[in-house]
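Spelled out from the first residue to the last, the chains are:
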Amino acid sequence: MAWESGRIHFGGDYNPDQWPCAVWDEDRRLMGDAGVSLASVGIFSWAHLEPAAGRYEFGWLDEVLDGLASSGIGVDLATATASPPPWLTTAHPEALPTDREGRRRWPGARQAYCPSSTAWRESGLALVEQLATRYAGHSSLRMWHVGNEYGCHTSRCYCDVCAARFRVWLADRYTDIGGLNHAWGTAFWSQRYSAWDEVLPPRITPDGAWANPTQQLDYRRFASDLLLEEFVAERDVLRRLSPGVPITTNFMVMTRFNQLDYWAWAAEMDVVSTDYYPDFADPHTHIEAALCADMTRGLADGGPWLLMETSPSAVNWQPRNPARRPGALRRDALQQIAHGADGFNVFQIRASVAGAEKFHSGLIPHAGTDTRLWREVVELGAILGRLEEVAGSRVEASVAMVFDWQAWWGCELDSHPSVDVTYPDRARALHRALWESGIAVDIVAPGASLEGYSLVLVPTLYLVDDDVAPVLDSFVRGGGHLVVTYFSGIVDRNDHVRPGGYPGAFRDLLGVLVEEFTPLLEHESVHLDDGGSADVWTEDLRLAGAEAVSTYRDGPVAGKPAVTRHHVEDGVAWYIATRTDVDTTARVIARVVADAGVSPVAAAPPGVEVQRRRSGDTTWLFVLNHTDAEATIDATGTDIVTGSAVSASITVAPGGVAVVREGGDG
Ligand code: GAL
């Protein structure tokens with residue numbers, strides 16, 4: 001279903017069941033003052049909606065939804081299955097999850113369930129059936145919200161029921177036990193299986209003995225598929241009983257959370273939505289926010305998506321929880337819109353006074369409305385209202401970066417050449433180099449069409465299917481520019497090394513042959529002959545058609561190439577064989593970008609982010625000033641944040657924002 005947002009939504013999780021109903025009137029009044037258009041209701045309300053098996057109590061929800069409807073506030077209605085109620089796990093203890101050590105995980109927090117449990121599944125689907133029947137026609141209903149952050153807390157259960165389902169999943173993938181033995185490489189360490197019932201999840205093994213890597217990988221694939229099956233089961237009930245109402249579930253911060261294969265998940269969504277929580281301890285969290293937003297837009301196939309949750313100010317779950325700086329909420333919200341979101345929502349609308357999240361900020365803070373935060377919330381709501389014309393427009397980019405959750409899982413398996421090689425590290429590094437140059441980037445799946453892109457980046461694609469290299473090959477031959485970083489193309493989908501020299505799948509295209517990995521020790525670094533430096537990783541690489549762009553001055557492979565470039569027909573394939581530092585990465589990427597003829601969205605001072613959205617001939621230039629100094633950007637049109645005309649240039653205050661509808665004389 002193509003989703004049309006129709007506006008820039010603003011709102012968040014709304015948990016009225018935590019409050020006496022006397023508060024609900026005030027909630028609605030304040031939501032009106034803040035311009036809230038979307039409330040996500042009932043996400044953790046199962047125990048409230050069904051206090052005993054089969055005894056449903058919808059009266060309070062009727063009242064909440066009727067109230068929201070009469071206030072003109074739309075509802076993203078949860079299926080409420082994210083956390084089973086205590087009566088369910090008391091009656092069915094087998095519905096609780098089991099960890100790798102065979103220990104049961106107990107209720108008392110949230111999301112304690114085994115995804116294979118029949119009791120959990122049947123009760124959950126019965127609740128969804130009730131909700132869909134009752135509220136399908138409710139005038140407040142804008143969207144259905146299935147579960148919550150699937151994979152959070154319990155991403156994998158290792159119980160016997162899951163083991164049996166794993167075997168079914170494996171039999172489907174490999175047909176016979178011989179296929180499994182081959183894929184898992186069980187000739188190693190006497191692991192050969194004679195029958196399916198010998199096969200188990202990768203439970204805890206004797207100390208220091210690694211579980212079979214392909215078994216681990218397949219268990220992650222299976223676990224992602226299993227949860228997706230549960231999502232689809234609920235979604236299909238909703239589609240049957242509430243046709244035409246779009247359905248979503250919120251993904252998690254995708255540069256940090258890697259429990260699900262989001263490419264597979266995105267294909268099943270009507271609306272792609274995600275949560276993004278800044279890591280205030282990371283000085284570059286605003287660049288990570290841009291990356292996550294770009295990833296989410298990629299999952300939405302370039303179409304509109306929703307930021308479903310972030311914190312209005314502080315969170316409660318970091319060791320130290322700073323508040324957002326004055327003005328930052330507005331800038332951070334507009335950053336998400338700049339990257340293609342058609343909505344900005346938070347957890348949660350009113351801050352809780354009890355429970356584990358009582359020190360998590362809310363739109364309505366504990367201190368009430370005579371507060372800076374509330375004034376900023378009201379201001380933001382008004383701005384998002386003025387941005388309505390941007391809804392449905394798209395971000396354009398001529399650069400793509402390949403990202404893959406299965407490659408991430410493979411890359412970070414145990415017993416690898418270096419624990420310092422982590423999957424998102426190079427994706428962040430390459431993305432940062434582009435971000436700092438003001439260059440827009442799309443995130444694509446391995447093997448996706450690369451039509452229309454001038455430059456494609458492939459960071460650390462350790463695990464890669466056979467059909468991916470040919471796509472990159474024809475992209476380069478057709479005149480494309482490609483950058484691949486180390487530890488890419490190493491194994492096939494079964495985690496078997498591609499022999500004949502690294503980087504296996506991409507060796508010929510890159511025109512290099514790596515004889516041996518020569519990772520560095522902790523705190524070791526190396527220098528390059530062009531003044532660059534690097535750490536973590538080097539390789540004993542020889543040229544096989546490519547030219548050396550830079551070589552190592554020191555370290556285990558002194559004199560050998562570190563960065564190479566290979567002309568292939570009309571295009572160029574670059575290889576970065578080491579973990580270049582920030583400046584060196586920036587220099588390499590600047591050269592690649594210049595060669596590829598890629599231009600920035602607009603010229604902007606360092607730390608000032610620019611993005612453009614387009615709909616037909618209309619374009620909007622977003623300017624987000626992440627610095628402490630005023631910034632002036634060339635632009636002509638109207639700043640729709642303030643309504644002021646912009647002729648030739650606009651000056652944006654420190655921490656400020658502008659959204660210029662471009663064109664005209666200003
Ligand atoms: C999210 C979750 C919300 C809330 C929030 C707090 O991960 O979906 O329910 O717990 O974190 O930051």
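Up top you'll find the structure we're talking about.
Now for a quick tour of the structure. Counting from 1, residues in each chain are numbered in the order their sequence is written. Local features in this predicted model are restricted to residues whose pLDDT is 70 or higher, and side-chain atom pairs enter the listing and the counts only when it is 80 or higher, whereas totals over whole chains, interfaces and linings include all residues. Excluding hydrogens and water, the side-chain figures rest on all heavy atoms present in the structure.

## A look at helix 11 (residues 328–338)
Relative accessibility thresholds used throughout: buried, under 20% of the residue-type maximum; exposed, over 50%; partly exposed, between the two (1.4 Å probe, protein chains only). Strands are runs of DSSP state E lasting at least two residues, helices are runs of H or I lasting at least four, and both sets are numbered from the N terminus onward. Burial analysis of helix 11 places 10 of its 11 residues in the buried class, the great majority of the element. Of the positions making up helix 11, those classed as buried are Ala328, Leu329, Arg331, Asp332, Ala333, Leu334, Gln335, Gln336, Ile337 and Ala338. Looking one or two residues beyond helix 11, the residue adopting positive phi is Gly340, at roughly 115 degrees.

## A short note on the site of the ligand
Working definition: residue near molecule or strand if any one of its non-hydrogen atoms lies within 4 Å of it. In the vicinity of the ligand, the contacting residues are Phe44, Arg110, Asn148, Glu149, Asp275, Tyr277, Glu309, Trp317, Phe347, Glu357 and His360. Here a polar contact is taken to be a pair of N or O atoms separated by no more than 3.5 Å, where protein atoms must pair a possible hydrogen donor with a possible acceptor and residues adjacent in sequence count only if both atoms sit in side chains. Contacts to the ligand include Trp317, whose side-chain N or O atom sits 2.7 Å from an oxygen atom. Note on areas: these come from Shrake-Rupley sampling with a 1.4 Å probe, and a residue is covered only by the protein chains present in the view. In the complex, 95% of the free accessible area of the ligand, which totals 310 Å², lies under the protein chains. Here a cavity is any set of points on a 1 Å grid over the protein atoms alone where a 1.4 Å probe fits but cannot get out, and a pocket is any open set with protein on both sides within 12 Å along at least 5 of 7 lines; a residue lines the site when it has an atom within 4 Å of a point. Occupancy of a cavity or pocket is assigned to a molecule whenever over half of its atoms lie within 2 Å of that pocket's grid points. Put simply, the ligand lies in the largest pocket.

## Section: helix 5 (residues 118–135)
Multiplying 1.5 Å by the helix residue count minus one yields the expected span of that helix. Its 18 residues place the ends of helix 5 25 Å apart at the C-alpha level, agreeing with the 26 Å of an ideal helix rising 1.5 Å per residue. Contacts from the buried residues of helix 5 go to helix 2 (46–49), helix 3 (59–70), strand 3 (74–78), helix 4 (86–91), strand 4 (141–145) and helix 8 (213–241). Measuring from the backbone nitrogen of Ala119 back to the side-chain oxygen at the start of helix 5 gives 3.4 Å, which picks out Ser117 as the cap. Any two residues having at least one pair of non-hydrogen atoms within 4.5 Å are treated as being in contact.

## Re the nonpolar core
Leu334 and Leu387 are the most contacted members of the largest nonpolar core, which totals 172 residues. In terms of domain composition, this core takes at least three residues from each of domain 1 (399–596) and domain 2 (608–662). Not counting the four nearest positions on each side in its chain, Leu387 is found in contact with Ile8, Leu334, Ile337, Phe622, Ile640, Val641 and Val659. Throughout, nonpolar core names a set of buried Ala, Val, Leu, Ile, Met, Phe, Trp, Tyr and Cys residues whose side chains join them through atoms within 4.5 Å. Ranked by size, the runner-up nonpolar core spans 18 residues in total, among them Cys114, Trp169, Phe222 and Leu226. Domain borders in the structure are assigned automatically or taken from a domain database.

## A word on the packing of helix 3 against helix 5
A pair of packed helices is captured by two measures, namely the crossing angle of their axes and the spacing between those axes. Each axis is a line fitted through C-alpha atoms, taken for helices only over the stretch in contact, and angles between the N-to-C directions span 0 to 180 degrees. Running from N to C, helix 3 and helix 5 point in directions that differ by 40 degrees, and their axes come no closer than 12 Å. Judged by the angle between their axes, helix 3 and helix 5 are oblique. Crossing hand, helix 3 versus helix 5: right-handed. Note on element contacts: helix 5 touches helix 3 through Leu131, Arg134 and Tyr135, opposite Leu61, Asp62 and Leu65. For this classification, the nonpolar set comprises Ala, Val, Leu, Ile, Met, Phe, Trp, Tyr, Cys and Pro, the charged set comprises Asp, Glu, Lys and Arg, and every other residue, Gly included, is treated as polar. Tallied by class, the residues present in the contact of helix 3 with helix 5 amount to 4 nonpolar, no polar and 2 charged. Small angles under 35 degrees read as roughly parallel and large ones over 145 as roughly antiparallel, with 65 to 115 read as roughly perpendicular and the rest as oblique. Helix crossings are classified by the rotation of the near helix relative to the far one: an anticlockwise turn of less than a right angle makes the crossing left-handed, while a clockwise turn makes it right-handed.

## Observations concerning the sheet that holds strand 23 (residues 608–615)
Spatial strand order, 10-23-24-29-26-27: 6 strands in an open sheet with antiparallel pairing. One side of each edge strand has no neighbouring strand; the edge strands of this open sheet are strand 10 (394–395) and strand 27 (644–646). Strand pairing follows a simple DSSP-based rule, namely that at least 2 bridges must link the two strands.

## Remarks on the side chain of Gln406
For Gln406, the position within the fold is in helix 13 (residues 405–411). A polar contact of 3.0 Å, which involves the side chain of Gln406, links it to the side chain of Asp261. Apart from the residues lying within four places of it in its own chain, the contact partners of Gln406 are Leu217, Arg221, Asp261 and Leu463.

## With respect to the layout of surface pockets
In this structure, the largest pocket spans a volume of roughly 1,200 Å³. Considering the residues around the largest pocket, the lining is formed by 43 residues, among which Phe44, Ala109, Arg110, Gln111 and Glu357 are closest to the centre. Elements that contribute at least two residues to the lining of the largest pocket include exactly helix 2 and helix 4. Looking at which element gives the most residues to the lining of the largest pocket, the answer is helix 2, with 3 residues. Grouping the amino acids of the lining of the largest pocket by side-chain chemistry returns 20 nonpolar, 15 polar and 8 charged. Grid points are joined across faces, edges and corners, and a volume is the space filled by probe spheres set on the points. Here the second largest pocket is characterised by a volume of approximately 650 Å³.

## Quick notes on unusual backbone geometry
With an omega dihedral of -5 degrees, the bond running from Phe347 to Gln348 counts as a cis peptide bond. With respect to the helices and strands, the residue Gln348 is situated in the loop between strand 9 (341–346) and helix 12 (372–386). In this structure, Pro503 follows Tyr502 across a cis peptide bond, with omega equal to -5 degrees. You can see Pro503 is positioned in the loop between strand 14 (481–485) and helix 16 (507–510). With phi around 55 degrees, Gln111 is a residue other than glycine that occupies positive phi space.

## Notes on the pattern of salt bridges
The term salt bridge refers to a side-chain nitrogen of Lys or Arg lying within 4 Å of a carboxyl oxygen of Asp or Glu. What the rule picks out here adds up to 45 salt bridges. Between Asp442 and Arg297 there is a salt bridge; the shortest N-O distance is 2.8 Å. With a gap of 145 residues between them, Asp442 in strand 12 (residues 441–444) and Arg297 in helix 10 (residues 285–299) connect regions that are remote in the sequence. The exposure classification of Asp442 matches that of Arg297, with both residues buried. Salt bridges linked by common partners bring Glu26, Asp27, Arg29, Asp33 and Arg350 together as one network.

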